[in-house]
Amino acid sequence: MFGGNFMSTIKKTCKVCPVNCELTIEKDIDDSYIVTGNNCGRGVDYGIKAMTTPSRILTGRVLLKNGNMGRLPVKTTGVVPEDRIEECLAIFNSTTVTAPIKMGTIIIENILDLNVDVIAARKA
Ligand code: SF4
């Protein structure tokens, strides 16, 4: 069969390891998923999860010392599954950083082992 049978296709960068493979995930008419572009099996799981689990880039604030504002805006470098957002926000709320901080500085590395970092969304 030639192409054109897939119901939907998305492109996504695999964040499981630093190789950052560019995945293509296609949903077939029988609701199965086909992942290509991955260099290893973990990319298949990541790609299917990306299609089936609601998730989003998370933004929030951490406490800031020595800055001209009380809190520093932060954001995740990748998507966080909806069911882990509250845990992430609890960690944000218990994190304190001290100025000066450059925009993009990693504030929390690999939060909850989700393979995403939390970085400063602005300088302080
Ligand atoms: S597919 Fe495998 S090799 Fe590629 S980024 Fe994901 S984990 Fe790394």
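Structure's up top.
Okay, so let's go over this structure. (Residues numbered from 1 in each chain as written. Predicted model: local features only at pLDDT ≥ 70, side-chain atom pairs only at ≥ 80, totals over all residues. Heavy atoms only, no water.)

## Here's the deal with the pairing of strand 3 (residues 33–36)
Counted only if it meets this: Paired strands are those between which DSSP finds at least two bridges. Secondary structure elements follow DSSP: runs of H or I of four or more residues count as helices, runs of E of two or more count as strands, with numbering from the N terminus.
Across 4 bridges, strand 2 (residues 22–27) lies against strand 3 in antiparallel orientation. Bridged to Ile25 within strand 3 is Val35.

## Some thoughts on the layout of surface pockets
Cut-off, in case you're wondering: Think of a 1 Å grid over the protein atoms and nothing else: a 1.4 Å probe that fits but is trapped marks a cavity, an open set flanked by protein within 12 Å on at least five of seven lines marks a pocket, and residues with an atom within 4 Å of a point count as lining. Grid points are joined across faces, edges and corners, and a volume is the space filled by probe spheres set on the points. Under the scheme applied here, ten amino acids are nonpolar (Ala, Val, Leu, Ile, Met, Phe, Trp, Tyr, Cys and Pro), four are charged (Asp, Glu, Lys and Arg), and all others, including Gly, are polar.
Roughly 250 Å³ of volume is contained in the largest pocket. As for the largest pocket, its lining consists of 15 residues, and the residues nearest its centre are Tyr46, Lys49, Val79, Pro81 and Leu114. If you list the elements that add at least two residues to the lining of the largest pocket, you get helix 1 (41–52) and strand 5 (71–81). Counting residues per element, the lining of the largest pocket draws most heavily on helix 1, at 4 residues. Tallied by class, the residues present in the lining of the largest pocket amount to 8 nonpolar, 3 polar and 4 charged.

## Digging into the nonpolar core
Cut-off, in case you're wondering: Among buried residues, those of type Ala, Val, Leu, Ile, Met, Phe, Trp, Tyr and Cys that are joined through side-chain atoms within 4.5 Å constitute a nonpolar core. Each residue is assigned to one of three classes by its accessible area relative to the maximum for its type, calculated with a 1.4 Å probe on protein chains only: buried under 20%, partly exposed between the two thresholds, exposed over 50%. Working rule for contacts: check all heavy atoms of both residues, and any pair within 4.5 Å makes them a contact.
If you look at the biggest cluster of nonpolar residues, it comprises 19 residues, and the most contacted ones within it are Leu72, Phe92 and Ile107. Leaving out residues up to four positions away in the same chain, Ile107 has contacts with Val62, Leu72, Val74, Thr95, Val97, Ile101, Val118, Ile119 and Ala120. Cys14, Leu23, Ile25 and Tyr46 belong to the second-largest nonpolar core, a separate cluster that totals 6 residues.

## Observations concerning the site of the ligand
Heads up, the condition is: What makes a residue near a molecule or strand is one non-hydrogen atom of that residue sitting within 4 Å of it.
Taken together, Cys14, Val16, Cys17, Val19, Asn20, Cys21, Asn38, Asn39, Cys40, Arg42 and Gly43 are the residues near the ligand. Looking at the shell around the ligand residue by residue, the classes come out as 6 nonpolar, 4 polar and 1 charged.

## Digging into the sheet that holds strand 3
We apply this condition: The axes are straight lines fitted to the C-alpha atoms, using for helices just the contacting stretch, and the angles between their N-to-C directions are given from 0 to 180°.
Read across the open sheet, the 3 strands follow the order 1-2-3; overall the sheet is antiparallel. Both edges of this open sheet fall to strand 1 (8–13) and strand 3, since each of them pairs with a single strand only. Strand-to-strand twist across the sheet, computed as the mean angle between neighbouring axes with direction ignored, equals 20 degrees. Against the sheet, helix 1 touches strand 1, strand 2 and strand 3, its axis set at about 130 degrees to strand 3.

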